[in-house]
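Here are the chains, one letter per residue:
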Amino acid sequence: MKRKVAVICTAVCLAFTAVTFTDDIPVVQAATETTVSGTVVSGSTDTLLYLSTAGGKMEIKIDSNADTSGCKILLPDKKVTVTCYRGSDAYMHASRITSTDNQKQVTVDTSKTATVEGTVITGTTDDLLYFSTSGGTMQIKMDDSTDMSGCSIVTLGKKLVITCGRGSDACMHAIKVSDSSSASSSTTASINGVTMPNITGTVAAGTTSSYLYFSTSAGLMEIKIDSSTDLSSCRTLIPGQSITVACYRGSDAYMHAGRIIDNTVSSSAAATVNSTRTITVSGTVTSDTSSQILFLSTSGGIMQIKLDGNTQMNGNILVIGEKILVTCGSGSDAFLHAISISAN
């Protein structure tokens, strides 16, 4: 009898131990990480990913310890899978980002290479970089074999150093991509004798000609744009556009922009524009507009009008949905160029 009792007790103890052991680990693991799939949303940076999923839009922080070896390019509409966890700051943080995109391989001549420094600008896709350099805009292809070990992640407005060579398809291909040592601009700016911080980020949805919604590594900021804001280095404020803002706290307790610099402007030379024969059109700025080309919805259809360093903005800045008047002329590159733009 005693033997039977001892056997039963032993069996119960073993069963209890087994249940406790198997119940602990999966629950802890499941509560720690989750995996989601979706598409990258405009405004994402190398520190904050906006992800559109079946369950809605997510904000996921990208820290230095995140594994991005399976996905080095985060551009709008790219499909990615993110393994993430909730941090002590109540944000979701990425532990791993992957993409299943496959790219066609070509042979690249590595015996003759060139190294260029510049900024990733609008038009860039998963496999083709539009790269603004001091010598103009380059188109550089990205391959699975491209060495990305020196680059945290590629986003619009990111400053990079690229070693490239000519491929068997006659295109330039990136052999190695690294973060630029000059990627971070001066941390402060002096405007009209006032020292203020320089903050780099991207334009967020909802921005108007009076209020800038600004996505930064620290979160979303709301910054006022007024008549004293220096807009000489920025013509457009389009969601996803990389900009640097020198800002200060006003007497109304709002942050105000002292100066806005567009980080996506191409440095290519402007065409010669015929200013003796001009046309003036009115319309609305559409969402396809970039810092180089204005897409204008008019009564006659959509017009594409180039913006260059000679375009007179008349104190105006272009935002989506704004109604404007544009005086334009024919350029030596056969495009219409904006000579002046004013509010309608």
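In what follows, the structure referred to is the one given above.
Residues numbered from 1 in each chain as written. Predicted model: local features only at pLDDT ≥ 70, side-chain atom pairs only at ≥ 80, totals over all residues. Heavy atoms only, no water.

(A) Spatial organisation of the overall build of the chain. The number of helices and strands found in the chain is 1 helix and 24 strands. A total of 344 residues make up the chain; the buried ones form 42% of that total. Taking the contacts inside the chain whose residues are at least 6 apart along the sequence as the reference set, 57% of them involve residues at least 24 apart. Entry remark: accessible area of the chain is about 18,000 Å², with carbon and sulfur atoms responsible for 53%. (Helix = DSSP H or I, 4+ residues; strand = E, 2+ residues; numbered from the N terminus. Buried < 20%, exposed > 50% of the residue type's maximum accessible area, 1.4 Å probe, protein only. Contact = heavy atoms within 4.5 Å. Areas by Shrake-Rupley, 256 points an atom, 1.4 Å probe, with all protein chains shown as cover.)

(B) Up close: the side chain of aspartate 143. Turning to its location among the elements, aspartate 143 is positioned in the loop between strand S9 (136-141) and strand S10 (147-150). A polar side-chain atom of aspartate 143 sits 2.8 Å from a polar atom in the side chain of histidine 173. (Polar contact = N/O pair within 3.5 Å; in protein donor to acceptor, adjacent residues only side chain to side chain.)

(C) Structural detail: the packing of aromatic side chains. Using the criterion set out here, one finds 1 aromatic pair in the structure. Above the face of the tyrosine 254 ring, lysine 224 is positioned so that its terminal group lies 4.4 Å from the ring centre. Residue placement shows lysine 306 over the ring face of phenylalanine 335; its charged tip is 4.4 Å from the ring centre. (Phe/Tyr/Trp six-rings, centres within 6.5 Å; stacked < 30°, edge-to-face > 60°. Lys NZ or Arg CZ within 6 Å of the ring centre and 35° of its normal.)

(D) Structural detail: the environment of serine 95. Examined against the element boundaries, serine 95 turns out to sit in strand S6 (residues 92-98). Along the sequence, serine 95 and glutamate 33 sit 62 residues apart, while their C-alpha atoms lie 8.5 Å from each other. The contact partners of serine 95, leaving out residues within four places of it in the chain, are Glu33, Ala66, Asp67, Thr83, Cys84 and Tyr85.

(E) Representation of the pattern of salt bridges in the model. Scanning all chains against the criterion turns up 6 salt bridges. The partner of lysine 306 in a salt bridge is aspartate 333, with the nearest N and O atoms 3.3 Å apart. Here lysine 306 is found in strand S22 (residues 301-306), whereas its partner aspartate 333 is found in the loop between strand S23 (323-331) and strand S24 (336-343), with 27 residues between them in sequence. Residues participating in the shared-partner salt-bridge network are Asp46, Lys158 and Asp179. (Salt bridge = Lys/Arg side-chain N within 4 Å of Asp/Glu carboxyl O.)

(F) Molecular detail of the side chain of threonine 155. Within the secondary structure, threonine 155 is located in the loop between S10 and strand S11 (159-167). With near-sequence residues (within four places) excluded, threonine 155 lies in contact with Ser44, Thr45, Asp46, Leu74, Leu75 and Val120.

(G) Seen up close, the pairing of strand S12 (residues 172-179). In the sheet, S9 pairs with S12 via 2 bridges, with the strands oriented parallel. When the sheet's bridge partners are listed, lysine 141 is paired in S12 with histidine 173. In terms of strand pairing, S10 meets S12 through 2 bridges, oriented parallel. In the strand pairing of S12, aspartate 147 is matched with lysine 176. Relative to S12, S11 runs antiparallel, the two being bridged by 7 bridges. Following the sheet pairing, arginine 166 is matched in S12 by methionine 172. Between S11 and S12, which pair antiparallel in sequence order, lie 4 residues; one of them, alanine 170, sits at a positive phi of approximately 70°. (Pairing = 2+ DSSP bridges.)

(H) Highlighting the environment of serine 64. With respect to the element layout, serine 64 can be found in the loop between strand S3 (56-61) and strand S4 (67-70). What makes serine 64 exposed here is its relative accessible area of 83%. Separated by 30 residues in sequence, serine 64 and alanine 94 place their C-alpha atoms 9.9 Å apart.

(I) Broad picture of unusual backbone geometry. Residues other than glycine seldom take positive phi values, yet alanine 90 does so here, at roughly 75°. Note on placement: alanine 90 falls in the loop between strand S5 (79-86) and S6. A relative accessible area of 52% means that alanine 90 is categorised as exposed. Phi at alanine 334 is positive, roughly 75°, even though this residue is not glycine. Along the chain, alanine 334 turns up in the loop between S23 and S24.

(J) Focus on the pairing of S5. Where strand S1 (residues 34-40) lies against S5, 6 bridges are found, and the strand directions are antiparallel. Residue pairing for S5: threonine 34 is matched across the bridge by cysteine 84. As paired elements, S5 and S6 share 6 bridges and run antiparallel to each other. Within the sheet, the bridge partner assigned to arginine 86 lies in S6 and is methionine 92. Once S5 ends, the chain turns through 5 residues before running back antiparallel as S6, passing alanine 90 with a positive phi of about 75°.

(K) Region of interest: the environment of methionine 313. Tracing the sequence through the fold places methionine 313 in the loop between S22 and S23. It is 9.3 Å that separates the C-alpha atoms of methionine 313 and alanine 343, two residues lying 30 residues apart in sequence. The contacts of methionine 313, once residues within four sequence positions are left out, are Arg235, Leu318 and Ile341.

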